[in-house]
Amino acid sequence: MHVEMENNREFLYTEKDFKYLAQLAGTRAGISLSSSKRELIYGRLARRLRELGFKSYKQYCDRLKDGDEEELTNFINAITTNVTSFFRENHHFEFLEQNLLPELINNQDDVKQPRLRLWSAGCSSGEEPFSMAMVLQESIPDIKRWDAKILASDLDLNILDIASRGIYPLQRIQGVSLVRRKRWFSLGTGNNEGTGRVGNDIRQMVTFRQLNLTADWPMRGSFDAIFCRNVTIYFDKPTRIRLLNRFANLLSDDGHLFVGHSESLFGLTDRFRSVGRTIHQKVC
Ligand SMILES: C[S@@+](CC[C@H](N)C(=O)[O-])C[C@H]1O[C@@H](n2cnc3c(N)ncnc32)[C@H](O)[C@@H]1O
């Protein structure tokens, strides 16, 4: 009965295929896929199979077993989601503006060129780091004097390509306030009609890099704040614990970590204290 159901579908998909894919997602990207994700994985990968002309998930698994690096990347990209938006979970940007930046500005009054480093870890198509840059530009009156930079990283090269262009369909920027739209975006013309482009003052603050959060990182820190939001939902507990530890190591003393609305640090680490809704400050 079970097999018959599988044969009725576009691609043959067995429990063995799912187990292999789930195990691979775990070892490659620390992504945890319980058996409840069986159908989700079928749906997410069906397009890849179609593009490759395969008839079954076994064929797809064999391709991955051959160690095809490009396909391994496509595989991880297909099973993660890139959903994001400008000023998503806006209370984080308000905290940045009203709490974190005023304190940093106060501490840097006598410094010739104050240094500020933020990291958007799992930046998707760029809305998050660009929103951070807008807040910095708006909140630091003498920003030109500052050495202020935002690192924006993601595993997914395709999405980073979109991010680094900084060009968005108008409906993606509709939720941004009119004041900000006018100040920080220019409207596309000609081929870019119907799009908004993030202005140079914002773009030049952001550096996009490919980085797997579960692999080695090239940078040594330190960051004043890390935004890692709606990324660790895919990770198993040991991976999350390790990641939080590494974030704490890279943050400056008292540095802040912003996580997504469904990501709790409870029971995972004692290196942070909660200072707001899904906002944490490093304590050690
Ligand atoms: C849902 S988006 C979140 C975007 C943004 N942080 C936000 O909250 O709007 C999750 C992003 O995490 C990235 N991601 C997933 N696993 C990753 C990993 N192991 N290393 C780096 N990025 C990863 C995905 O490619 C995706 O772009």
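The contact between helix α2 (residues 15-29) and helix α3 (residues 38-52) brings their axes to 10 Å, and the two run at 80°. When the interaxial angle is binned, α2 and α3 end up roughly perpendicular. Residues E15, F18 and L21 of α2 form the contact with α3, whose own contacting residues are R38, I41 and L45. For the contact of α2 with α3, the class distribution of residues is four nonpolar, no polar and two charged.

Okay, the nonpolar core next. One finds L21, L45, F75, W119, L213 and F247 to be the most contacted residues of the largest nonpolar core, which totals 50 residues. Elements supplying a minimum of two residues to this core: α2, α3, α4 (57-65), α5 (69-79), β1 (115-121), β7 (223-228), α12 (237-250) and β8 (251-259). The element best represented in this core is α2, accounting for seven residues. Residues in contact with F247, not counting those within four places in the same chain, are W119, A121, L213, W217, I226, C228 and L257.

This structure, assessed with the given rule, holds 17 salt bridges. In this structure, R117 and D147 form a salt bridge, with 3.0 Å as the shortest nitrogen-oxygen distance. With R117 in strand β1 and D147 in strand β2 (residues 147-154), the pair connects residues that are 30 residues apart, well separated along the chain. Note on R117: relative accessible area 14%, which makes it buried. Judged by its relative accessible area of 19%, D147 falls in the buried class.

With that settled, consider the sheet that holds strand β3 (residues 167-169). Pairing in this open sheet of three strands is antiparallel, and the strands run β3-β5-β4 from one edge to the other. If you trace the sheet from one side to the other, it starts and ends with β3 and β4 (185-187), each paired once. For this sheet, the mean inter-axis angle between neighbouring strands, taken without regard to orientation, is 30°. As paired elements, β3 and strand β5 (residues 195-198) share three bridges and run antiparallel to each other. Looking at the pairing, P169 lines up with T195 of β5.

Criteria and cut-off values
Residues numbered from 1 in each chain as written. Predicted model: local features only at pLDDT ≥ 70, side-chain atom pairs only at ≥ 80, totals over all residues. Heavy atoms only, no water. Axes fitted to C-alpha atoms, helices over the stretch in contact; angles between N-to-C directions. Helix = DSSP H or I, 4+ residues; strand = E, 2+ residues; numbered from the N terminus. Parallel < 35°, antiparallel > 145°, perpendicular 65-115°, else oblique. Contact = heavy atoms within 4.5 Å. Nonpolar A, V, L, I, M, F, W, Y, C, P; charged D, E, K, R; others polar. Core = buried A, V, L, I, M, F, W, Y, C linked by side-chain atoms within 4.5 Å. Buried < 20%, exposed > 50% of the residue type's maximum accessible area, 1.4 Å probe, protein only. Salt bridge = Lys/Arg side-chain N within 4 Å of Asp/Glu carboxyl O. Pairing = 2+ DSSP bridges.

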